[in-house]
Amino acid sequence: MKERVDQLKRNRTLSPEELRLLLTDASPEEREYLHRAAREVARVHFGNGVFVRGLIEISNYCRNDCRYCGIRRSNRLAERYRLTPETVLACCEEGYRLGFRTFVLQSGEDPALNDELLTGLIREMRRRWPDCAITLSLGERTEASYRALFEAGANRYLLRHETITPDHYRWLHPVRMSLDHRIECLHTLKKIGYQTGTGIMVGSPGQTVDDLVRDLLFIREFEPQMIGIGPFIPHRDTPFGHEPAGSVERTLTLLSIL
């Protein structure tokens, strides 16, 4: 197993079967060897710095009805809100004073967040804080919209694919959503010039080890500039509210592999 970790560190890839074994058969000692190798790689590229992002949740309205998500459209118990541009700018001003140099605008897929509103907000953020990165996590949009937001001054976009397995994607998401369209959006973001991020939920309902292996291989092929993963956390007001949470141990193993 340690030889596989060394090979992964050296070549940045393993075969599907080797990845599967790393996820299922590694002993605690072997997992610690993997974590230690990952720390060594991270320090080469990032040192010991902690890079702090200012995450601003600008809306929790969403047109989608994903079965795992607490802000899904059909959750009538969610307390909905939208921040005004003035409130967002005030958050940025306070964050900049505190030392934040990356601002992330995140929301559900809220139809009220149109291009006119967002481009105006992003231009003002870029004008006031030209030395800051502006990251967006606003879901699936058209190519024209992505391009308009990029030209306004946004330079990073996070759009987690959640799972690359079609049947699993259909289990997690409503019929109107398409894995093919999600992947098309990711390629569009890269083509436009965004630093593009993707990622997965670990331990989401119906997920298998083979699904995770496929996700690792997809991420390796796509080569995103950002990867966001975390354990599935059940929300009580969703169809998956009584499902078990994802494993922290497996999440850490995947983080080390990535």
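Use the structure listed above.
The following refers to the structure shown. Every residue gets a number counted from 1 within its own chain, in the order that chain's sequence is written. Where totals are concerned, whole chains, interfaces and linings use all residues; where local detail is concerned, this predicted model gives features only for residues with pLDDT of at least 70, and gives and counts side-chain atom pairs only at 80 or more. Remark: hydrogens and water are excluded; side-chain values derive from all non-hydrogen atoms of the structure.

### Here we look at the environment of Glu17
Applicable threshold: A run of H or I in DSSP becomes a helix once it reaches four residues, and a run of E becomes a strand once it reaches two; helices and strands are each numbered from the N terminus.
Its place among the elements puts Glu17 in helix α2 (residues 16-24). Residues Glu17 and Val213, 196 residues apart in the sequence, show an inter-C-alpha distance of 8.5 Å.

### What to know about the pairing of strand β1 (residues 54-59)
The criterion, for reference: In this analysis, strands are considered paired if DSSP registers two or more bridges between them. Classification remark: right-handed applies to a crossover when, strands pointing away from the viewer, the course from the first strand over the helix to the second runs clockwise.
Where β1 lies against strand β2 (residues 102-107), 5 bridges are found, and the strand directions are parallel. By the bridge assignment, Ile56 is partnered in β2 with Leu105. On the question of chirality, the crossover connecting β1 to the parallel β2 by way of helix α4 (residues 85-98) is right-handed.

### So, helix α5 (residues 115-128)
Where we set the bar: Take the number of residues in a helix, subtract one, and multiply by 1.5 Å to get its expected span. Accessibility here uses a 1.4 Å probe with only protein chains present; expressed as a share of the type maximum, an area under 20% marks a residue as buried, one over 50% as exposed, and anything in between as partly exposed. Relevant arc is that of directions from the helix axis to the C-beta atoms, nothing else. Working rule for contacts: check all heavy atoms of both residues, and any pair within 4.5 Å makes them a contact. Residues adjacent in sequence count toward polar contacts only when both atoms are side-chain atoms; beyond that, a polar contact is any pair of N or O atoms within 3.5 Å, and within protein one must be able to donate a hydrogen and the other to accept it.
The terminal C-alpha atoms of α5 lie 20 Å apart, and with 14 residues this matches the ideal 20 Å at 1.5 Å per residue to within 8%. Within the span of α5, buried status applies to Leu118, Thr119, Leu121, Ile122 and Met125. End-on, the buried residues of α5 take up no more than an arc of 165 degrees, which puts them together on one face. Turned more than 90 degrees off the buried face of α5, the exposed positions are Glu116 and Arg127. Looking at the buried residues of α5, the elements they touch are β1, α4, β2, β3 (133-137) and α6 (143-152). Its side-chain oxygen placed 3.2 Å from the backbone nitrogen of Glu116, Asn114 serves as the N-cap of α5.

### Here's the deal with the sheet that holds strand β4 (residues 156-158)
The line we're drawing: For every element, the axis is a line fit to its C-alpha atoms; helices are fit only across the contacting stretch, and the angle between N-to-C directions ranges from 0 to 180 degrees.
As summarised here, the arrangement of the 6 strands in space is β1-β2-β3-β4-β5-β7, forming an open sheet in which the pairing is parallel. The sheet is open, and its two borders are formed by β1 and β7 (226-227), each paired with just one other strand. As judged from the 5 bridges shared by β2 and β3, these two strands associate in the parallel manner. Paired with Thr102 across the strands is Ala133, a residue of β3. In this fold α5 packs onto β1, β2 and β3, with an angle of close to 155 degrees to the strand it touches most, β3. Sitting on the sheet, helix α8 (residues 179-192) touches β4 and β5 (195-198), and the angle it makes with β5 is about 160 degrees.

### So, the layout of surface pockets
For clarity, the threshold we go by: Cavities and pockets are found on a 1 Å grid laid over the protein atoms alone: a cavity is a set of points where a 1.4 Å probe fits but cannot escape, a pocket is an open set with protein on both sides within 12 Å along at least five of seven lines, and a lining residue has an atom within 4 Å of such a point. Grid points are joined across faces, edges and corners, and a volume is the space filled by probe spheres set on the points. Ten residue types, Ala, Val, Leu, Ile, Met, Phe, Trp, Tyr, Cys and Pro, are classed as nonpolar, four, Asp, Glu, Lys and Arg, as charged, and the remainder, Gly among them, as polar.
As a volume, the second largest pocket reaches approximately 180 Å³. Around the second largest pocket sit Arg63, Glu109, Asp110, Pro111, Leu113, Leu138, Glu140, Arg141, Thr142, Ser145 and His181, which together line it. Here the residues of the lining of the second largest pocket sort into 3 nonpolar, 3 polar and 5 charged.

### Let's talk about the packing of helix α1 (residues 2-11) against α2
The geometry of a pair of packed helices is captured by two quantities: the angle between their axes and the separation between those axes. The condition is simple: Note on angle classes: values under 35 degrees are labelled roughly parallel, values over 145 roughly antiparallel, values of 65 to 115 roughly perpendicular, and the remainder oblique. Whether a crossing is left-handed or right-handed is set by the direction in which the near helix is turned from the far one by less than a right angle, anticlockwise for left-handed and clockwise for right-handed.
Viewed as axis vectors pointing N to C, α1 and α2 meet at an angle of 120 degrees, and their least axial separation amounts to 11 Å. In terms of their interaxial angle, α1 and α2 are classed as oblique. At the point where α1 passes α2, the crossing takes the left-handed sense. Contacts between α1 and α2 involve Arg4, Val5, Gln7 and Leu8 from the former and Glu18, Leu21 and Leu22 from the latter. The residue makeup of the contact of α1 with α2, split by class, is 4 nonpolar, 1 polar and 2 charged.

### Regarding the pattern of salt bridges
Here the idea is simple: oppositely charged side chains can pair when their charged atoms come close. Put simply, the rule reads: By definition, a salt bridge exists where a carboxyl oxygen of Asp or Glu is found within 4 Å of a side-chain nitrogen of Lys or Arg.
According to the stated counting rule, one finds 21 salt bridges in the structure shown. Note that Asp65 is salt-bridged to Arg72, the shortest N-O span being 3.5 Å. For the pair Asp65 and Arg72, one class covers both residues: buried. Its salt-bridge partner being Arg220, residue Glu223 comes within 3.2 Å of it at the nearest N-O pair. Given the relative accessible area of 43%, Glu223 is considered partly exposed. Given a relative accessible area of 30%, Arg220 falls into the partly exposed group. Each member of the salt-bridge network shares a partner with another, and the members are Glu124, Arg127 and Arg128.

### Comments concerning a nonpolar patch on the surface
Note the threshold: Distance thresholds for patches are 9 Å for like charges and 5 Å for nonpolar side chains (Val, Leu, Ile, Met, Phe, Trp, Tyr), applied to residues having over 30% relative accessible area and no salt bridge. Here the Shrake-Rupley method, with its probe set to 1.4 Å, supplies the accessible areas, and only the displayed protein chains count as covering residues.
On the surface, Val248, Leu252 and Leu255 cluster together into a nonpolar patch covering about 270 Å² of accessible area. Owing to a relative accessible area of 45%, Leu255 belongs among the partly exposed residues under this scheme.

### Some remarks on the side chain of Asp215
What counts, and what does not: Note that His is not counted, nor are the chain ends; the positive residues are Lys and Arg, and the negative ones are Asp and Glu.
Within the secondary structure, Asp215 sits in helix α9 (residues 209-222). This buried residue, Asp215, is left without a salt bridge; Arg214 holds the nearest opposite charge, at 7.2 Å. Polar contacts involving the side chain of Asp215 include one to the side chain of His161, which spans 3.0 Å. Side-chain polar atoms of Asp215 contact the backbone nitrogen of Ile164, separated by 2.8 Å. Ignoring sequence-local partners within four residues, the contact set of Asp215 consists of His161, Glu162, Thr163, Ile164, Ile200 and Gln207.

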